[in-house]
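As a plain string of letters, each chain reads:
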Amino acid sequence: MLLRERFGFALDEVAEIMNTAPSDIEVLFAQGLSSLEQGMQELATKVPQLLIDLKPFTKMLHDGPETQNLSNIINDFKKTNSITVTRTKWLFRLFFGVAAVLAWVYKEEIVEFSHTIRNHFNS
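Residues numbered from 1 in each chain as written. Predicted model: local features only at pLDDT ≥ 70, side-chain atom pairs only at ≥ 80, totals over all residues. Heavy atoms only, no water.

Draft legend 1. Representation of the packing of aromatic side chains. One pass over the full model with this rule turns up one aromatic pair. Arranged with centres 5.3 Å apart and planes meeting at 70°, the rings of phenylalanine 95 and phenylalanine 96 form a pair that is edge-to-face. You'll find phenylalanine 95 and phenylalanine 96 in the same group, each marked exposed. (Phe/Tyr/Trp six-rings, centres within 6.5 Å; stacked < 30°, edge-to-face > 60°. Buried < 20%, exposed > 50% of the residue type's maximum accessible area, 1.4 Å probe, protein only.)

Structural data, given as structure tokens:
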């Protein structure tokens, strides 16, 4: 609702920003506006202007652990997880690459071994 009323985004732009279907945004916007107007019946006609006039949150002066921004912590988790996933992918690629090179180098021995195994089980 703030994106639409305060910052002037069109509903389809809000849908894109929120990664939500435009039809869902339209319904949610109508429901939100209706809820605000019902909850503030004496100011129902002024709700859009009140949204525009909302003051932004001010930044805390003391940024201690009690006021830690959770989005920073979550982003750190995401970065750590992506590094781990990337390392794991590279280790698998390296392992399979080395295995492919070894299979190519020792292909004759592997074929001979497979014939020996096959002959052993066929006997």
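Continuing now.
Draft legend 2. Highlighting unusual backbone geometry. The phi torsion at asparagine 19 lies on the positive side, around 55°, for a residue other than glycine. Looking at the element boundaries, asparagine 19 is found in the loop between helix H2 (11-18) and helix H3 (22-39). (Helix = DSSP H or I, 4+ residues; strand = E, 2+ residues; numbered from the N terminus.)

Draft legend 3. A look at the environment of valine 14. Take valine 14: it is sitting in helix H2. A relative accessible area of 7% means that valine 14 is categorised as buried. Considered as a pair, valine 14 and methionine 1 are 13 residues apart in the sequence and their alpha carbons are 8.7 Å apart. Residues within four places of valine 14 in sequence aside, it is in contact with Leu3, Arg4, Phe9 and Ile25. (Contact = heavy atoms within 4.5 Å.)

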